[in-house]
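Chain residues, written in single-letter form:
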Amino acid sequence: MDELKSKYLDLIAKASDAAALEEIRVAAVGKKGEVSLKMRELGKMTPEERQLEGPRLNALKDEINAALVAKKSALEDAALEERLKAEWLDVTLPARDRHVGSIHPVSQVWEECTAIFADMGFAVAEGPQIESDWYNFDALNIPGHHPARAEMDTFYTHRSEGDTRPPHVLRTHTSPVQIRSMEAQGAPIRIICPGRVYRADYDQTHTPMFHQVEGLAIDRDISMANLKWVLEEFFSAFFGTHVETRFRASHFPFTEPSAEVDIQCSFEGGTVKVGEGNDWLEVLGSGMVHPSVLRAGGIDPDAWQGFAFGIGIDRLAMLKYGIPDLRAFFESDLRWLRHYGFSALQVPTLHGG
Ligand code: PHE
C-alpha cells in the first residue's frame with residue numbers, strides 16, 4: 001500500500017497538464033483503477049483483516065483524491081498565469097490613427113466672423129442664393145439700366161419662351177438680405193449675413209462662387225462713426241492685433257455716403273502682414289444705407305438711419321492664414337485641406353482667440 005501511495009503521489013506531482021492528471025486518476029481510483037481493485041479484494045478477506053485494511057485503503061484513496069484536486073487547481077492557476085502573461089495589453093501605446101475630416105478655412109472664418117459680431121449684438125440672418133431681380137438689384141437702388149448690373153458679371157436663370165418676367169439671378173452679393181431682413185423685422189435692426197455669392201469671374205483672386213458677410217445696423221441715430229468703430233473692433237478681434245483702417249470715398253447705389261475700407265498691412269519679405277507697415281489692402285465696401293433702400297425695405301428714412309457693409313470672407317481667410325491662391329479653396333485637394341483645414345474641435349470663440 002505504501003508503494004501504491006508513493007507511486008501515485010509521485011505521478012500526480014509530475015503531471016504536466018489536465019489530460020495527464022485525468023489518466024492518473026483513472027489508473028488509480030477509476031472503476032478499474034489499482035486502488036479500486038484493491039478495495040474489491042476486501043470482500044475476500046476475513047473480518048479481522050478487513051477491519052485493518054479497510055480504513056487504510058480508504059485513507060489511501062482519500063489522500064490520492066486530495067492530491068488530484070490540489071494538483072488540478074495548481075495546474076489551472078498556472079494556465080491562467082500563462083494566459084495573463086500572453087494576453088497582456090500595453091495601454092500606454094498611442095491610439096491608432098483615425099482619419100477625420102477638417103474644417104475648411106472659409107467655414108472657420110465664417111464662424112470667427114459670426115462669433116465676433118455676435119459679441120457686438122449682431123444676429124445672423126439668411127436669404128436665398130437664387131434671388132429675384134428685385135431683391136438683388138432694384139430694391140438696392142440699382143435700376144435696370146444701371147451699369148452696376150453689368151459690372152457684377154451676373155449669372156441669370158433661364159426663362160421659358162414667352163415668359164416676360166425678369167429672370168432670377170444667383171445673388172451677386174449678400175446685400176439683398178438687407179431688404180429681406182428689414183421687411184421681416186422692421187427697425188431697429190442689427191444683423192450680419194454670411195453666405196455664398198456668385199459672379200462670372202475666374203483668376204487668382206476671383207472664383208465664380210465666393211463668400212461675403214453683410215452687416216446692417218439701423219436705429220434712430222446711427223452714424224459713420226459707429227460704422228468705423230464696429231469695423232475697427234472687428235478687424236482687431238479678427239486679426240488679434242490693433243488694425244488701422246482707412247476709409248476711402250466710393251460709390252455704391254445702395255449707400256450714401258459710401259466708403260471702401262482698407263486695412264493697414266505690410267508687404268515686406270513677400271508676405272502680407274496685417275496690422276503693421278505702411279501699405280493698405282481693400283477688404284470691404286460700406287456706407288450709410290440709402291433712403292431709397294430703407295423705403296424699399298419698408299422703413300421710414302425720416303425716422304431711421306444706419307450703416308451697411310459687405311466683407312469678402314475668402315479674402316479675410318487668405319489674409320489671416322496666408323493662403324495665396326483663392327482658386328485652391330474650391331479644388332478639394334486633400335493635401336491642401338489637411339494643411340489649411342482646422343480641427344472640428346477648434347470652435348472659434350472670443351475667449352479662445
Ligand atoms: N454689396 C457690395 C459688394 O458686393 C458691398 C457693400 C455692402 C457695399 C454693403 C456697401 C454696403 O460689392
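Shown above is the structure to which this text applies.
Residues numbered from 1 in each chain as written. Predicted model: local features only at pLDDT ≥ 70, side-chain atom pairs only at ≥ 80, totals over all residues. Heavy atoms only, no water.

*Asks:* Is there a simple way to think about the environment of Asn65 in this case?
*Replies:* Among the secondary structure elements, Asn65 is positioned in helix α4 (residues 47-86). Measuring from C-alpha to C-alpha, the distance between Asn65 and Leu9 comes to 9.9 Å, with 56 residues separating the pair along the chain. (Helix = DSSP H or I, 4+ residues; strand = E, 2+ residues; numbered from the N terminus.)

*Asks:* What's the story with the packing of helix α1 (residues 2-14) against helix α3 (residues 34-41) in this structure? I'm lost.
*Replies:* The relative placement of two packed helices is expressed as an angle between their axes plus a distance between the axes. With their axes 11 Å apart at the nearest point, α1 and α3 run at an angle of 160° to one another. In terms of orientation, α1 lies roughly antiparallel with respect to α3. Judged by the twist between their axes, the crossing of α1 over α3 is left-handed. Of α3, the residues touching α1 (which contributes Leu4, Lys7 and Tyr8) are Glu34, Val35 and Lys38. Here the residues of the contact of α1 with α3 sort into three nonpolar, no polar and three charged. (Axes fitted to C-alpha atoms, helices over the stretch in contact; angles between N-to-C directions. Parallel < 35°, antiparallel > 145°, perpendicular 65-115°, else oblique. Left-handed = near helix turned anticlockwise from the far one by under 90°. Contact = heavy atoms within 4.5 Å. Nonpolar A, V, L, I, M, F, W, Y, C, P; charged D, E, K, R; others polar.)

*Asks:* How should the site of the ligand be read in this particular structure?
*Replies:* Taken together, 14 residues lie near the ligand, and His173, Ser175, Arg199, Gln212 and Gly310 sit nearest. Arg199 is positioned with one of its side-chain polar atoms (N or O) 2.9 Å from an oxygen atom of the ligand. At 2.9 Å from an oxygen atom of the ligand is found a side-chain nitrogen or oxygen belonging to Gln212. Where the shell around the ligand is concerned, the elements lending two or more residues are β5 (209-219), β9 (279-289) and β10 (305-312). No other element matches the three residues that β10 contributes to the shell around the ligand. Tallied by class, residues from the shell around the ligand come to four nonpolar, eight polar and two charged. (Near = heavy atom within 4 Å. Polar contact = N/O pair within 3.5 Å; in protein donor to acceptor, adjacent residues only side chain to side chain.)

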